[in-house]
Structure formats: C-alpha cells, structure tokens
Amino acid sequence: MKIEKLRELTEAELNSEITKLKKELFNLRFQYTTGQLENPIKLRDLKKEIARAKTVLREKEIKRA
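Below or above, wherever it landed, is the structure these notes cover. (Residues numbered from 1 in each chain as written. Predicted model: local features only at pLDDT ≥ 70, side-chain atom pairs only at ≥ 80, totals over all residues. Heavy atoms only, no water.)

With respect to the side chain of E49
With respect to the secondary-structure elements, E49 resides in helix 3 (residues 41-64). Buried charge E49 goes without a salt bridge, the closest partner of opposite sign being R52 at 5.2 Å. Looking at E49, its side chain comes within polar contact range of the main-chain nitrogen of M1, at 3.2 Å. (Helix = DSSP H or I, 4+ residues; strand = E, 2+ residues; numbered from the N terminus. Buried < 20%, exposed > 50% of the residue type's maximum accessible area, 1.4 Å probe, protein only. Lys, Arg positive; Asp, Glu negative; His and termini not counted. Salt bridge = Lys/Arg side-chain N within 4 Å of Asp/Glu carboxyl O. Polar contact = N/O pair within 3.5 Å; in protein donor to acceptor, adjacent residues only side chain to side chain.)

Have a look at this one:
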C-alpha cells in the first residue's frame, strides 16, 4: 500500500492493517522455513510495509499530542 493511502486511514484502521500484515508475515515465515515460499523477497517487502504503517501511525500520535 502506498504511503499516501496509509495517511488517509484512521488510527484504528492503521492498527488493524498492521495486525493483518503481521499475520501475513508470520505465514510467510512459516512457508519460508518449510521450504514452500517461492519468492523470499516477499518477506522483505512485507517488513517494509509494516514499517511504513507504523511510521504513519506514529506521525498521527505525535500530531495528536
């Protein structure tokens, strides 16, 4: 998801998005360890996406305070 779209989300929506992404990361890690993951670059991309969402969430928290 692009950073502009993340900035449009509310804090609750960002938290749910982060939770969803973490679950997906867990599943990909499981697939990687069992040798079923075809493209391990997905792990890196997903970690970056989680970091983007957390950054936007932190920006909103700072702006609110």
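Let us keep going from here.
What about helix 3?
Across its 24 residues, helix 3 extends 35 Å between first and last C-alpha, which sits within 8% of the 34 Å expected from 1.5 Å per residue. Of all the positions in helix 3, only L43, L46, E49, I50, A53, V56 and L57 are classed as buried. Buried residues along helix 3 sit in contact with helix 1 (3-8) and helix 2 (11-34). (Expected span 1.5 Å × (residues − 1). Contact = heavy atoms within 4.5 Å.)

Structural notes on the side chain of E17
Tracing the backbone through its elements, the reader meets E17 in helix 2. On the accessibility criterion, E17 (12% relative accessible area) is buried. Dropping the residues within four chain positions of it, E17 is found in contact with M1 and E49.

Details of the pattern of salt bridges
All chains considered together, the criterion is met by 5 salt bridges. Between R7 and E59 there is a salt bridge whose closest N-O contact spans 3.3 Å. Highlighted residues: R7 in helix 1 and E59 in helix 3, separated in sequence by 52 residues. Measuring nitrogen to oxygen at the nearest pair gives 3.8 Å for the salt bridge that ties R44 to D45. Looking at R44, the relative accessible area reads 47%, which means it is partly exposed.

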